[in-house]
Amino acid sequence: MAPAKSAALISGKELSEAIVREVGEEVASLKSKDIHPGLAVVLVGSDPASQVYVRNKRRTCDALGIRSFAFDLPENCTEKRLLTLVTKLNADPAVNGILVQVPLPKHINEQKVLNAIDPIKDVDGFHPMNVGKLLNGEPSFVPCTPAGCQEMLMRSGNDPAGKHVVVLGRSNIVGKPIAALLMQKGKGGDATVTVCHSRTQNLEAITKQADILIAAIGIPLFVKANMVKSGVVVIDVGINRIPDASKASGTRLVGDVDFDTVSKKAKAITPVPGGVGLMTIAMLMKNTVRAVKLQRRMKL
Ligand code: GUN
């Protein structure tokens, strides 16, 4: 019997580095005009995963010459204090983009905080005005993870146009916006999109129809080989830490997809780590430059 073929790897490392290089050139060009992009990154509490994400976002800013303004607030920070900070950042001309890392501690109303961010500085695209604009097909800021998934598809030669995309997960930060983005008319869109979630019946029957499967449900190794058809393109948004006694740390990172088995059936697949996570950061940098241009009414 012929050995099972393995999928092509869609490398978030390679693709994100290319995007970061492109953004770097734009930052340099802005700086030559004495324009200095700035991003405020706000972290509340000490969730270890959020700390890692935020650190990586700030580091990428530094590497690109984007000013990063760091605000680390304690877990018991009041909603009022956070709202006061957002109001201050809205008014600060050195701050072009504002990112409040979510999830926020339970005692803070997350939507209230996101609603307080000036939509023109909302580089996450989480403000209701930007959510609505995305649905209307006239986006100001596309949320970074969905935008990163779309870039991965396009730059790896897997245009979603006309394809059946099945999205697993209906969160506000990934599932819903990626469905909106890929069903949009035009370049990078034109897909037929099905959104599945925890209450979906006959899930396997639907995921098996997917030409492109986007997994964003937050359950480690959820998607198994028997849930996909041969030749599927898989984008794994999950980043989960699971116990692994063979590692010095006692844990390892895995996605929502059982990579080892699914990659034998797929045409192409993203790895975890080294996949979508890196693209999220690259798209954040891109959105920050976009914010500068929108605020200055420059050509995009
Ligand atoms: N938490 C997980 N992903 C994201 C993101 O893209 N932006 C923010 N602000 N928080 C997140």
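Just so we're clear, the structure is a prediction, and the values are computed from it rather than from any experiment. (Residues numbered from 1 in each chain as written. Predicted model: local features only at pLDDT ≥ 70, side-chain atom pairs only at ≥ 80, totals over all residues. Heavy atoms only, no water.)

Glancing now at the environment of leucine 213. With respect to the element layout, leucine 213 can be found in strand 7 (residues 212–215). Judged by relative accessible area, leucine 213 falls into the buried class, the value being 0%. Sequence spacing of leucine 213 and lysine 185 is 28 residues, and the spatial spacing of their C-alpha atoms is 20 Å. Leaving out residues up to four positions away in the same chain, leucine 213 has contacts with Val166, Leu168, Thr207, Val223, Val228, Val232, Val233, Val234 and Ile235. (Helix = DSSP H or I, 4+ residues; strand = E, 2+ residues; numbered from the N terminus. Buried < 20%, exposed > 50% of the residue type's maximum accessible area, 1.4 Å probe, protein only. Contact = heavy atoms within 4.5 Å.)

Before going further, it helps to spend a moment on unusual backbone geometry. Each neighbour pair has its own omega, and for valine 102 with proline 103 the value is 5 degrees, a cis peptide bond. With respect to the secondary-structure elements, proline 103 resides in the loop between strand 4 (97–100) and helix 4 (110–116). Cis geometry marks the peptide bond from valine 272 to proline 273; its omega dihedral reads 0 degrees. Looking at where proline 273 falls in the secondary structure, it is placed in the loop between strand 11 (268–269) and helix 10 (276–295). The phi torsion at aspartate 34 lies on the positive side, around 65 degrees, for a residue other than glycine. Tracing the backbone through its elements, the reader meets aspartate 34 in the loop between helix 1 (12–32) and strand 2 (38–44). The exposure class assigned to aspartate 34 is exposed, which follows from its relative accessible area of 59%. Positive phi values are uncommon outside glycine, yet asparagine 202 reaches one of about 50 degrees. Turning to its location among the elements, asparagine 202 is positioned in the loop between strand 6 (192–196) and helix 8 (203–207).

Here the focus is the site of the ligand. Around the ligand sit Lys57, Leu99, Val100, Gln101, Val102, Asp124, Phe126, Ile173 and Thr280, and those are all the residues in its vicinity. Note that a nitrogen atom of the ligand is positioned 2.6 Å from one of the side-chain N or O atoms of aspartate 124. Expressed as a share of its isolated accessible area of 270 Å², the protein-covered part of the ligand is 86%. Residue composition of the shell around the ligand, by class: five nonpolar, two polar and two charged. (Near = heavy atom within 4 Å. Polar contact = N/O pair within 3.5 Å; in protein donor to acceptor, adjacent residues only side chain to side chain. Areas by Shrake-Rupley, 256 points an atom, 1.4 Å probe, with all protein chains shown as cover. Nonpolar A, V, L, I, M, F, W, Y, C, P; charged D, E, K, R; others polar.)

Another aspect to go through is the state of the cysteines. By the definition in use, this model includes zero disulfides. Between cysteine 149, a free cysteine, and cysteine 144, which holds the nearest cysteine sulfur, the sulfur-to-sulfur gap is 11 Å. On the basis of relative accessibility, which here comes to 0%, the residue cysteine 149 falls in the buried class. With no disulfide partner, cysteine 196 has as its closest neighbouring cysteine sulfur the one in cysteine 149, 16 Å distant. (Disulfide = S-S within 2.5 Å.)

So, on to the nonpolar core. Ranked by internal contacts, the top residues of the largest apolar core, which has 49 residues, are Leu39, Ile214, Ile235, Val237 and Met285. For this core, the element with the most residues is helix 10, which contributes 10 residues. Non-local contacts of valine 237, meaning those with residues more than four positions away in its chain, are made with Thr145, Cys149, Val174, Ile214, Ala215, Ala216 and Val276. (Core = buried A, V, L, I, M, F, W, Y, C linked by side-chain atoms within 4.5 Å.)

Attention now goes to the sheet that holds strand 4. If you walk across this open sheet you meet the three strands as 3-2-4, and the pairing is parallel. The two strands at the open ends of the sheet, each matched to only one other strand, are strand 3 (67–73) and strand 4. Taken over all neighbouring pairs, the strand axes of this sheet differ in orientation by 15 degrees on average, direction set aside. For strand 2 and strand 3, the ladder comprises seven bridges, and the chain directions are parallel. When the bridges of strand 3 are listed, leucine 43 appears paired with aspartate 72. The strands touched by helix 2 (residues 48–64) within the sheet are strand 2, strand 3 and strand 4, with strand 2 carrying the most contacts at an inclination of about 165 degrees. (Pairing = 2+ DSSP bridges. Axes fitted to C-alpha atoms, helices over the stretch in contact; angles between N-to-C directions.)

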